[in-house]
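Coordinates in review
Take a look at the letters that make up each chain.
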Amino acid sequence: MRHSELARWLQETDETALRELWRRADAVRAAHVGDAVQLRGLVEPSNHCRRMCAYCGLRAENRDLPRYRMSQDEVLACAQQATQLGCGTIVLQTGEDPGIKPRWMAELIQRIKDETNLAVTLSLGEREDDELALWREAGADRYLLRFESSNRELFERIHPSLPGRRSDRIAILRKLRELGYETGSGVMIGIPGQSYDDLAMDIELLRELDLDMIGVGPYIPHPDTPLGRGESSAPRTDGNQVPNDVVTTRKVVALARLLCPLTNIPATTALGTLDREGGYELGLRCGANVIMPDLTPAPYRQMYEIYPGKTLIFDDPQARCATIKRRIRDMGRTLGTGRGDSPNWLRRNASPPVARSGRKTA
Ligand code: 5AD
């Protein structure tokens, strides 16, 4: 699919055409990754962050937010619970927190690997190459780092670099791959200032990076951030502003599925937040095959507020998981078992096929 066709799909409003897009993406999903929906238990061990992202409620300048770091034992308890609830993977997501020391994280990863059968996914922000290597050696399987937008100018407006160091998430993604991680990335949809052309380029970059996981969700304004207050980046007024809505998010999920058939794609929490009753289903019906239930325990869960409405104060991980499982079964889909490794990663890392002559082909 060419750039112009992607850009055209992103602006499509015809219901019949869109139903056809959902149908095609759903068929490609079924054929390449199957009917099972993989559950990943999301745990957020720290909400400290040194960055100043204009969109995110965890930004360093947000001094009203109480900060926490969980102990290894607390995270381990979540890992045990993830297993009990039927998750094959634990995702450890934090702000970019220099207080998380490389050795501490390596030890935590090792303990999870020793005490459970879970795959370990990290999402800890932009970290040093030697840290990423250490965690991989400790047993981490996967790493998530969204590039947020392929438009460098827009990215810099909403994601200031640390002093003296140019933020280069594409370079980090390449490094992660070289280290043998299953690698995931993605973007936010409907960032003020983001054009349809930008978003089409994002999708092309997702394909070019040959990712194992792709996570995309709508931008949700947070009132305690510059972007949420209408600063940093203004919406476009030329008719090309991408809306931060459910239907545009579904288009990106569907196009990502068509372009990257073997990738694991979640129906993201942000989509589930925009439409509480049916958001997950809408993602799962147009290409997604993963859900990441939040298992972070109270009172920490409420403090991991990257955008408003992310957590319902009164639900607990167990109830949340039970609801998600019921919703998956009600759709006629099955629950994934095992780690749910990315078929794309497995393909890349399979030993080369043996040629008829008995020699290995490249
Ligand atoms: N709205 C939607 N998504 C957000 N993220 C951060 N802040 C917001 C927001 N206000 C997303 C970013 C980040 C991921 C962990 O959460 O894309 O990579």
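Reference entry: report on the structure contained in this document. What you are looking at is a predicted structure, and each value in this text was computed from that prediction instead of being measured.

What follows covers the overall build of the protein chain. Tallying secondary structure elements over the protein chain gives 14 helices and ten strands in all. By the compact-globule yardstick of 21 Å for 362 residues, the protein chain fits well, its C-alpha radius of gyration being 20 Å. C-alpha extents for the protein chain along the principal axes are approximately 65 × 50 × 45 Å. Expressed as a percentage of the 362 residues in the protein chain, the buried residues total 56%. Sequence separation of 24 or more characterises 78% of the internal contacts of the protein chain that already satisfy a separation of 6 or more. Carbon and sulfur atoms make up 50% of the accessible area of the protein chain, which totals about 15,400 Å². Averaging the positions of the 51 positive and the 50 negative side-chain charges in the protein chain gives two centres separated by 4 Å.

What follows is about helix H7 (residues 169-178). For H7, the set of buried residues is Arg169, Ile172, Leu173 and Leu176. In a view along the axis of H7, the buried residues occupy a sector of 100°, so they form one face of it. Tucked into the core, H7 has its buried residues touching helix H5 (129-138), strand S4 (142-144), helix H6 (152-158) and strand S5 (182-185). At the N-terminal end of H7, a side-chain oxygen is found 3.3 Å from the backbone nitrogen of isoleucine 170, two or three residues along, and the residue is aspartate 168. In the stretch just after H7, glycine 180 is the one whose phi turns positive, near 95°.

So, about the site of the ligand. The full set of residues close to the ligand is Tyr55, Cys56, Gln93, Arg146, Glu148, Met188, Pro218, Tyr219, Ile220, Ile306 and Tyr307. For the ligand, a nitrogen atom lies 3.0 Å from a polar atom in the backbone of tyrosine 55. Within the backbone of isoleucine 220, one N or O atom sits 2.7 Å away from a nitrogen atom of the ligand. Against a free-state accessible area of 410 Å², the protein chains account for coverage of 87% of the ligand. Its residues placed into classes, the shell around the ligand shows eight nonpolar, one polar and two charged.

This part takes up the packing of helix H3 (residues 72-84) against helix H4 (residues 102-115). At a minimum axis separation of 10 Å, H3 and H4 run at an interaxial angle of 30°. Handedness of the H3/H4 crossing: right-handed. Each of Gln72, Asp73, Val75, Leu76, Ala79 and Gln80 in H3 lies in contact with H4, whose residues at this interface are Trp104, Glu107, Leu108, Arg111, Ile112 and Glu115. Across the contact of H3 with H4, the residue classes break down as six nonpolar, two polar and four charged.

Our focus in this paragraph is unusual backbone geometry. A cis geometry characterises the amide bond from alanine 298 onward to proline 299, with omega recorded as 0°. Mapped onto the secondary structure, proline 299 falls in the loop between strand S9 (290-291) and helix H12 (300-303). Its identity is not glycine, yet glutamate 148 carries a phi of approximately 65°, on the positive side. A positive phi angle, close to 50°, is found at aspartate 210, a residue other than glycine.

Turning our attention to the nonpolar core. Grouped together as the largest cluster of nonpolar side chains are 94 residues, with contacts concentrated most on Leu92, Met105, Ile112, Leu122, Trp135, Tyr143 and Ile291. Membership of the second largest hydrophobic core comes to six residues, among which are Leu42, Leu144, Met213 and Val290.

Before going further, it helps to spend a moment on the pattern of salt bridges. Enumeration over the complete set of coordinates arrives at 32 salt bridges. Glutamate 20 serves as the salt-bridge partner of arginine 23, at 2.9 Å between the closest nitrogen and oxygen. Taken as a pair, arginine 23 and glutamate 20 lie in helix H2 (residues 15-33) at a separation of three residues, close to a single helical turn. For the salt bridge of glutamate 153 with arginine 157, the shortest nitrogen-to-oxygen distance reads 3.2 Å. Of this pair, glutamate 153 and arginine 157 both sit in helix H6, four residues apart, roughly one helical turn.

With respect to the helices and strands, arginine 327 occurs in helix H13 (residues 317-330). Of the residues examined, arginine 327 reaches a relative accessible area of 16% and is grouped as buried. With near-sequence residues (within four places) excluded, arginine 327 lies in contact with Arg276, Glu277, Gly278, Gly279, Tyr280 and Glu281.

Time to look at the packing of H4 against H5. Contact pair H4 / H5: the axes reach a minimum separation of 8 Å and the direction vectors enclose 20°. If you check the angle between H4 and H5, you find them roughly parallel. In the crossing of H4 with H5, the sense of the turn from one axis to the other is right-handed. Contacts between H4 and H5 involve Pro102, Arg103, Met105, Ala106, Ile109, Gln110 and Lys113 on the former and, on the latter, Glu131, Leu134, Trp135 and Ala138.

Cut-off values and rules
Residues numbered from 1 in each chain as written. Predicted model: local features only at pLDDT ≥ 70, side-chain atom pairs only at ≥ 80, totals over all residues. Heavy atoms only, no water. Helix = DSSP H or I, 4+ residues; strand = E, 2+ residues; numbered from the N terminus. Rg over C-alpha atoms; globule rule 2.2 N^0.38 Å. Buried < 20%, exposed > 50% of the residue type's maximum accessible area, 1.4 Å probe, protein only. Contact = heavy atoms within 4.5 Å. Areas by Shrake-Rupley, 256 points an atom, 1.4 Å probe, with all protein chains shown as cover. Lys, Arg positive; Asp, Glu negative; His and termini not counted. Charge placed at Lys NZ, Arg CZ, Asp CG, Glu CD. Arc of directions from axis to C-beta. Polar contact = N/O pair within 3.5 Å; in protein donor to acceptor, adjacent residues only side chain to side chain. Near = heavy atom within 4 Å. Nonpolar A, V, L, I, M, F, W, Y, C, P; charged D, E, K, R; others polar. Axes fitted to C-alpha atoms, helices over the stretch in contact; angles between N-to-C directions. Left-handed = near helix turned anticlockwise from the far one by under 90°. Core = buried A, V, L, I, M, F, W, Y, C linked by side-chain atoms within 4.5 Å. Salt bridge = Lys/Arg side-chain N within 4 Å of Asp/Glu carboxyl O. Parallel < 35°, antiparallel > 145°, perpendicular 65-115°, else oblique.

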